[in-house]
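Residue-level listing of the chains:
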Amino acid sequence: MAAGGERYFCTAGGGLEPFLAREVRARLGATEVDCVSGKVFFSTGAAPGELRKLKSGERLFLLLKRRPPLAVAGSRGKMLHEIKSLVTEEPKYWLDVLSTWRNLHGHEGKKGNVSQEDRLPLKRKSEEEANTATKRQKTEQVREPVSEECRVEAGERCVVPERKSNQDCWTESKTSLEDPPKSSGEKPVANEQLSFSFRVSCRCSGAIARILPSQEIGRAVGVALMKQCGWRADLRDPDLEIFVHLNDIHSVVGIPLFRLPLANREYIKTAGLRSTVAWAMASLAEISAGAFVLDPMCGLGTILLEAAKEWPEACYWGADISDSQLEGADVNIRTAGLMDKIELLKASVKALPLPSESFDAVISDIPFGKKFKITKDIQLLPDILQEMERRHHFQAVKLQLT
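S.K.: Can you walk me through helix α9 (residues 275-284) in this structure?
M.R.: For an α-helix, the turn length of 3.6 residues means that residues three or four places apart are oriented alike. Of all 10 residues that make up α9, seven are buried, and the element is covered over most of its length. Those residues of α9 not exposed but buried are S275, T276, A278, W279, A280, M281 and A282. Count one or two residues on from α9 and you reach E286, which has phi positive near 50 degrees.

S.K.: Got a minute to help me understand the environment of L344 in this structure?
M.R.: The residue L344 is located in strand β12 (residues 342-346) in this model. Judged by its relative accessible area of 26%, L344 is partly exposed. Along the backbone, L344 and I333 are 11 residues apart, and their C-alpha atoms lie at a distance of 9.7 Å.

S.K.: Explanation requested: the pattern of salt bridges in the structure shown.
M.R.: Pairs can form between side chains of opposite charge once their charged atoms are near each other. Counted according to the given criterion, the structure contains 13 salt bridges. R66 is paired through a salt bridge with D34; the nearest N and O atoms lie 2.8 Å apart. Here R66 is found in strand β4 (residues 60-67), whereas its partner D34 is found in strand β2 (residues 31-36), with 32 residues between them in sequence. In this structure D34 comes out as partly exposed when scored by relative accessible area, which is 28%. The network of salt bridges with shared partners includes E23, R27 and E310.

S.K.: How should the nonpolar core be read in this particular structure?
M.R.: Nonpolar side chains in soluble globular proteins tend to end up buried together. Ranked by size, the top nonpolar core spans 54 residues in total, and within it F42, L225 and I242 carry the most contacts. With sequence-adjacent residues up to four places away left out, F42 is seen in contact with E6, R7, Y8, C10, V24, L28, A30, T31, E32, V33, L54 and L60. M281, L305, Y316 and A361 belong to the second largest nonpolar core, which has 25 residues in total.

S.K.: What exactly am I supposed to notice about the packing of aromatic side chains here?
M.R.: Two aromatic rings, taken as a pair, are described by how far apart their centres are and by the angle between their planes. A complete count under the given rule lists seven aromatic pairs for this structure. Taking 4.7 Å as the distance between ring centres and 35 degrees as the angle between the ring planes, the aromatic pair formed by F61 and F243 counts as tilted. With F61 in strand β4 and F243 in strand β8 (residues 240-246), the pair connects residues that are 182 residues apart, well separated along the chain. F243 shares its class with F61; the two are buried. Centroid distance W279 to W311: 6.3 Å. Interplanar angle 20 degrees. Geometry classified as stacked.

S.K.: Help me understand the confidence of the model for the protein chain in this model?
M.R.: Low pLDDT marks regions whose predicted coordinates should not be analysed in detail. Taken over all residues, the pLDDT of the protein chain has a mean of 76, while the share at 70 or more is 68%. For the protein chain, helix α6 (residues 146-150) is the element with the lowest average pLDDT, namely 32, and helix α1 (residues 17-28) is the one with the highest, namely 97. A low-confidence stretch, residues 107-193 (pLDDT under 50), is modelled with 126 contacts involving residues beyond four sequence positions or located in other chains.

S.K.: When you look at the side chain of T88 in this model, what are you seeing that I'm missing?
M.R.: Secondary-structure assignment places T88 in helix α3 (residues 76-88). Side-chain polar atoms of T88 contact the backbone oxygen of K84, separated by 2.7 Å. Leaving out residues up to four positions away in the same chain, T88 has contacts with W94, A224, L225 and Q228.

S.K.: Help me out: how do you make sense of the pairing of β4 in this one?
M.R.: Within a regular strand, the side chains alternate between the two sheet faces. With six of eight residues buried, β4 lies mostly within the body of the structure. Sheet analysis places strand β1 (residues 6-11) next to β4, joined by three bridges and oriented antiparallel. Each bridged residue has a counterpart across the sheet, and for F9 the counterpart in β4 is F61. In the sheet, β4 pairs with strand β9 (residues 251-256) via six bridges, with the strands oriented antiparallel. Bridge assignment links F61 to a residue of β9, and that residue is P256.

S.K.: Quick question: what am I supposed to make of the pairing of strand β10 (residues 292-295) here?
M.R.: Relative to strand β11 (residues 315-320), β10 runs parallel, the two sharing four bridges. Looking at the pairing, V293 lines up with Y316 of β11. Crossover connection from β10 via helix α10 (residues 302-310) to parallel β11: handedness right-handed.

S.K.: For this particular structure, what's the right way to read unusual backbone geometry?
M.R.: Excluding glycine, a negative phi dihedral is what most residues carry, and trans is how most peptide bonds are arranged. Phi at E32 takes a positive value of approximately 50 degrees, unusual for a residue other than glycine. Examined against the element boundaries, E32 turns out to sit in strand β2. A residue is classified by how much of its surface remains accessible, and E32, at 46% relative accessible area, is partly exposed. Although it is not a glycine, E286 adopts a positive phi angle of roughly 50 degrees. With respect to the secondary-structure elements, E286 resides in the loop between α9 and β10. Accessibility expressed as a relative area gives 68% for E286, which makes it exposed.

Thresholds, definitions, all that
- Residues numbered from 1 in each chain as written.
- Predicted model: local features only at pLDDT ≥ 70, side-chain atom pairs only at ≥ 80, totals over all residues.
- Heavy atoms only, no water.
- Buried < 20%, exposed > 50% of the residue type's maximum accessible area, 1.4 Å probe, protein only.
- Helix = DSSP H or I, 4+ residues; strand = E, 2+ residues; numbered from the N terminus.
- Salt bridge = Lys/Arg side-chain N within 4 Å of Asp/Glu carboxyl O.
- Core = buried A, V, L, I, M, F, W, Y, C linked by side-chain atoms within 4.5 Å.
- Contact = heavy atoms within 4.5 Å.
- Phe/Tyr/Trp six-rings, centres within 6.5 Å; stacked < 30°, edge-to-face > 60°.
- pLDDT = per-residue confidence, 0-100.
- Polar contact = N/O pair within 3.5 Å; in protein donor to acceptor, adjacent residues only side chain to side chain.
- Pairing = 2+ DSSP bridges.
- Right-handed = clockwise from strand over helix to strand, strands pointing away.

Written out as structure tokens, the structure is:
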């Protein structure tokens, strides 16, 4: 464990890295914060529940390795050997990190509330599952299905499905990397191993991508892990996912901490503007208690939702000319339980039925440009900005995304 806790990295959308760096310091008390393009590395002792609260990040990973970029020289075979060594070296370190990963998942509440009287049946069940898993593993090793060993997911989608229990994911096996540590009150099982299914997600960019495709690297890493650790490849529903990212800046290996990206908000039923961008915009408005905040072109209400969730002591108003957008926003607001925080009204941004200088902040994602394929009304932009200017007082904050 690092001096400031566990070591993590979180991916971020373009331009949001500074927001994420500030957030991990403020929300998690993070140390050793290092901000690079598309990622923020940091250390923290925060619990999983606190880590889930990050708003400006996309996906959160437990960091396994971070090394300088691999030298692009020599034969392809030599480069693949160096990549496999990067991932599979130091077996004891692997066990330590995976133990941390299991402990973090143990806080999810799946297994922690088991009563004393239920532990014996669960232990018997885990032993039966372990025997079954061992037999299945032996059978698969005999068959050596090339299609299963060689297929890995190549892309930036990193998902670790939550399992029914940690006990199911960490079973006994006859082979091991090292003897398990002794625990108080229980006799350790001889030759216990962390044996479960996995898949490798690999992303390559820069010089190395011009020589080795992601699929080939992922295949090599996957087979190496199967041979060294005895794990079983499962592309559809793995217990564990290994994320490998190689570029001209660094070589990174990590394990996604949660099944879904942080950017997937459970309180947003229908997504509009990216939630991370909406949160970043709201954070710039410096919303204070009792403030009046307006989004005059609210669409599905994502900015208002992110703001009201983070700064609930303010009052929020949203306007839109589209009935369908307002209906979607209303569903989102009800899903989030923010009916008492956000008011919606149907109105044109060119003639808002609201008093002048009545808002402390005006925040909006103006729906013009290539993204929305709306260009014919762009000439209305000066009038729209003038109307928005009229609605907030002279000390107010005005933010627009175009």
